[in-house]
Amino acid sequence: MELLSTNVCFDGEHRRYRHHSATLECDMEFAVFLPPGAVAQNPLKAPVLYWLSGLTCTDQNFMQKAGAMKHAAKLGLAIVCPDTSPRGLNLPGEDDSYDFGTGAGFYINATEQPWAPHYRMYDYVVKELPQLVEDQLPVTDQRSVSGHSMGGHGALIAALKNPGRYASVSAFAPIANPSECPWGQKAFTGYLGGDTKAWEEWDATLLIPTARERLPLLVDQGTADEFLDSQLNPDALAEVCETFHHHINLRMHRGYDHSYFFIASFIDDHLDHHAQALGLR
């Protein structure tokens with residue numbers, strides 16, 4: 001890993017790294033916050049919250065806007081933020097729109113050309129990046145996962161598809177039923193093809209019925225979110241959770257939108273949710 005930058009923050013460190021990803025066949029950058037104990041002279045390894053960001057974001061949005069590091073430092077929780085897609089591959093159509101290609105990897109494994117060799121963000125965030133981080137940084141193999149919007153979708157499917165891998169999961173304004181919304185349909189058609197049966201393993205609402213582990217879901221959603229009705233559909237997720245007795249705490253917040261102002265307002269609740277599951281509280 002190549003260290004790109006480091007900043008002292010709440011007596012811990014925020015770092016950015018670059019590495020070559022064998023999964024994505026390109027160089028990738030990611031950010032990490034290490035709490036004070038993990039950067040002490042005799043470091044104590046910290047459990048990790050993997051944060052998956054939304055459409056158009058990089059590894060930097062959450063770290064700079066969410067205001068998470070002060071509370072994470074107190075809890076002794078590390079945070080790792082990957083990028084949202086491969087970059088700079090010069091694939092045809094990669095930069096034609098904000099909701100497909102660059103910045104829009106959707107945390108799935110593409111099967112369609114020319115995307116299949118590179119757009120494998122699911123394998124990257126679930127397998128390759130955690131292994132790299134755990135091998136080379138002062139963190140444990142205790143993991144939790146969270147995210148926003150497209151990243152909320154990514155967090156939910158990562159937890160639902162990998163029983164035992166994560167201690168907890170949460171999401172802000174997730175794309176909860178991507179098979180049934182324009183963002184998801186565009187991405188799934190491009191990355192996975194037109195057979196909607198192939199989409200089912202990447203849709204949290206469709207994964208709930210057969211989930212082999214039922215981690216409680218903490219989901220926050222703003223009522224003034226401009227994408228609530230057209231893209232996010234938390235009601236579909238809540239309904240299937242009720243049907244199959246999968247605990248969900250869907251909190252609707254009056255007046256809040258889709259922005260990082262919303263995330264910053266409630267991020268401490270999510271950090272506490274994960275800290276409790278990871279044994280930090």
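Residues numbered from 1 in each chain as written. Predicted model: local features only at pLDDT ≥ 70, side-chain atom pairs only at ≥ 80, totals over all residues. Heavy atoms only, no water.

Heads up, the rule is: UniProt positions are given in the numbering used here, feature names are shortened, and annotations may be inferred rather than shown by experiment.
An unreviewed UniProt entry lists the protein under the name S-formylglutathione hydrolase, with Marinobacter similis given as the organism. We quote the UniProt Sequence similarities (unreviewed entry) comment for the protein here in full: "Belongs to the esterase D family."

1. Notes on a negative patch on the surface
Short version of the rule: Only residues whose relative accessible area exceeds 30% and that form no salt bridge are eligible for patches; like-charged ones are grouped when within 9 Å, while nonpolar side chains (Val, Leu, Ile, Met, Phe, Trp, Tyr) are grouped when within 5 Å. The Shrake-Rupley method, run with a 1.4 Å probe, gives the accessible areas here. Residue values count only the displayed protein chains as cover. Note on definitions: salt bridges are taken to be side-chain nitrogens of Lys or Arg within 4 Å of carboxyl oxygens of Asp or Glu. Lys and Arg are tallied as positive, Asp and Glu as negative. Neither His nor the chain termini are counted. Lysine's charge is taken at NZ, arginine's at CZ, aspartate's at CG and glutamate's at CD. Throughout, exposure labels follow a simple rule: accessible area from a 1.4 Å probe, protein chains only, divided by the maximum for the residue type, with under 20% read as buried, over 50% as exposed, and the rest as partly exposed.
A contiguous patch of negative charge, built from Asp-229, Asp-235, Glu-239 and Glu-242, is present on the exposed surface. Residue class for Asp-229 comes out exposed when judged on its relative accessible area of 77%.

2. Re the environment of Thr-223
The cut-off we apply is this: Helix numbering and strand numbering both begin at the N terminus, where a helix is a DSSP run of H or I of at least 4 residues and a strand a DSSP run of E of at least 2. Only heavy atoms enter the contact rule, under which two residues are in contact if any of them lie within 4.5 Å. The definition of a polar contact used here is a pair of N or O atoms within 3.5 Å, where within protein one atom must be able to donate a hydrogen and the other to accept one, and adjacent residues in sequence count solely through side-chain atom pairs.
Among the secondary structure elements, Thr-223 is positioned in the loop between strand S8 (217-222) and helix H7 (228-232). A C-alpha to C-alpha distance of 6.3 Å links Thr-223 and Met-252, two positions 29 residues apart in sequence. With residues up to four places along the chain from it excluded, the contact list for Thr-223 reads Leu-228, Met-252, His-253, Arg-254, Gly-255 and Tyr-256. For Thr-223, the side chain forms a polar contact with the main-chain nitrogen of Gly-255, separated by 2.8 Å.

3. Some remarks on the pairing of strand S6 (residues 139-147)
Going by this rule: In this description, strands pair whenever DSSP reports at least two bridges between them.
The element S6 is extensively covered by neighbouring structure, given that seven of its nine residues are classed as buried. Pairing analysis gives six bridges linking strand S4 (residues 46-52) to S6, with the strands arranged parallel. In the strand pairing of S6, Trp-51 is matched with Ser-146.

4. Re helix H3 (residues 121-136)
We apply this condition: What the bend at a residue measures is the angle between two axes, fitted to the seven residues ending there and to the seven starting there.
Of all the bends found along H3, the most pronounced is centred on Leu-129 and spans about 35°, while Pro-130, a proline, follows it within four residues. For H3, the tally of buried residues reaches 12 of 16 residues, placing the bulk of the element in the interior. All buried positions along H3 are accounted for by Met-121, Tyr-122, Asp-123, Tyr-124, Val-125, Val-126, Glu-128, Leu-129, Pro-130, Leu-132, Val-133 and Glu-134. Where H3 is buried, its residues contact strand S2 (12-21), strand S3 (26-34), S4, strand S5 (78-82), S6 and helix H4 (150-160).

5. Structural notes on unusual backbone geometry
A cis amide bond, omega 5°, links Gln-113 with the succeeding residue Pro-114. Secondary-structure assignment places Pro-114 in the loop between S5 and H3. One non-glycine residue, Asn-233, lies in positive phi territory at about 50°. Mapped onto the fold, Asn-233 is located in the loop between H7 and helix H8 (234-243). Of note, the phi angle at His-245 is positive, near 55°, even though the residue is not glycine.

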